[in-house]
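Each chain is listed here by its residues.
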Amino acid sequence: MTRPSVLWWLAPVLVLGGCGSGGDDDRASRLKAAGPNPDLAAMLRVASADAGRGQFGRCAACHTIGKGGQALAGPNLHGIMGRAVAADARFGYTQALIDWGGRWDDARMDAWLAAPSRQVPGTRMAFGGIADPLTRADLIAYLKTAR
Ligand code: HEC
């Protein structure tokens, strides 16, 4: 048992990836791998799209993510990373989000997911936000897979 570390790191992701953040042990080892005082780039290096898929359950009441998926309370999120903000012509966005403008890069998505209505006062996205930076990074990694 000289080199089991990678397998142990992966095991909880494989077992729990579909239903949550990947388990506490996995989280701890990923946070450790991110290094001290990790910034967004460091979080994204250890982010797990599988864990993000589980977290997307928090969004799924209002958002579909499959290609061409219908709008619910919020717009379809297929291909959202890299896209212009408020760009789905099928959806009626608030003027507040339209005026925010710009593109959905990592930093913007991270800030939005942390506190939507603090970033964009007047947005209709009724979602308090996600305080945990690793959970946000996991979600960003997952959103990137939907393109
Ligand atoms: C209660 C419903 C609701 C929930 C839950 C919700 N959203 Fe939203 N979301 C919306 C609405 C409504 C908008 C449109 C906001 C506006 O026009 O101001 C939106 C907009 C967005 C946008 C901008 C889309 C674009 O085309 O620019 C992103 C990105 C987004 N949501 C991501 C998420 C993610 C990721 C989650 C889960 C962590 C989530 N949302 C949870 C309702 C929701």
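Report on the accompanying structure. (Residues numbered from 1 in each chain as written. Predicted model: local features only at pLDDT ≥ 70, side-chain atom pairs only at ≥ 80, totals over all residues. Heavy atoms only, no water.)

On to the coordination of the iron atom of the ligand. Coordination of the iron atom of the ligand by the protein is provided by His63 (NE2) and Met125 (SD), with metal-donor distances spanning 1.9 to 2.1 Å. Each of the six donor atoms around the iron atom of the ligand contributes to a set of angles spanning 87 to 179°, which defines the coordination as octahedral. In this pair, His63 is assigned in the loop between α4 (49-55) and α5 (95-100) and Met125 in the loop between α7 (116-119) and α8 (133-145), connecting sequence segments 62 residues apart. (Donors = N, O, S within 2.8 Å, 3.2 Å for Na, K, Ca; no water. Tetrahedral: all angles 85-135°; square planar, octahedral: opposite > 155°, others 65-115°. Helix = DSSP H or I, 4+ residues; strand = E, 2+ residues; numbered from the N terminus.)

Right, let's talk about α8 for a bit. Under the 1.5 Å per step criterion, the end-to-end length of α8 is 19 Å for 13 residues, consistent within 8% with the ideal 18 Å. Buried residues dominate α8, accounting for ten of its 13 residues. Among the residues of α8, those classed as buried are Leu134, Thr135, Arg136, Ala137, Asp138, Leu139, Ile140, Ala141, Tyr142 and Leu143. (Expected span 1.5 Å × (residues − 1). Buried < 20%, exposed > 50% of the residue type's maximum accessible area, 1.4 Å probe, protein only.)

Within the secondary structure, Ser48 sits in the loop between α3 (40-45) and α4. A distance of 2.9 Å separates a polar atom in the side chain of Ser48 from the backbone nitrogen of Ala51. (Polar contact = N/O pair within 3.5 Å; in protein donor to acceptor, adjacent residues only side chain to side chain.)

Looking now at helix α6 (residues 106-114). What α6 keeps buried is the set Met109, Asp110, Trp112 and Leu113. One side of α6 carries all its buried residues, which in axial view fall inside an arc of 165°. Tucked inside the fold, the buried residues of α6 contact α3, α5, α7 and α8. (Arc of directions from axis to C-beta. Contact = heavy atoms within 4.5 Å.)

We now examine the environment of Gln70. Locating Gln70 in the fold gives a position in the loop between α4 and α5. Sequence-wise, Gln70 and Phe91 are 21 residues apart; in three dimensions their C-alpha atoms are separated by 9.6 Å. Look past the residues within four positions of Gln70 in its chain and what remains in contact with it is Thr64 and Asn76.

What follows deals with unusual backbone geometry. The backbone phi angle of Asn37 is positive, close to 45°, even though this residue is not glycine. Structurally, the position occupied by Asn37 is in the loop between α2 (24-34) and α3. With relative accessibility at 76%, the residue Asn37 sits in the exposed group. A positive phi is found at Ala86, a non-glycine position, where the angle reads about 60°. By the element assignment, Ala86 lies in the loop between α4 and α5.

Another aspect to go through is the site of the ligand. Around the ligand sit 27 residues, and of these Cys59, Cys62, His63, Thr94 and Met125 come closest. Between the ligand and Thr123, the relevant distance is 2.7 Å, taken from an oxygen atom to a side-chain nitrogen or oxygen of the residue. Measuring from an oxygen atom of the ligand, one finds a backbone N or O atom of Arg124 at 3.1 Å. Counted by class, the shell around the ligand contains 20 nonpolar, four polar and three charged residues. (Near = heavy atom within 4 Å. Nonpolar A, V, L, I, M, F, W, Y, C, P; charged D, E, K, R; others polar.)

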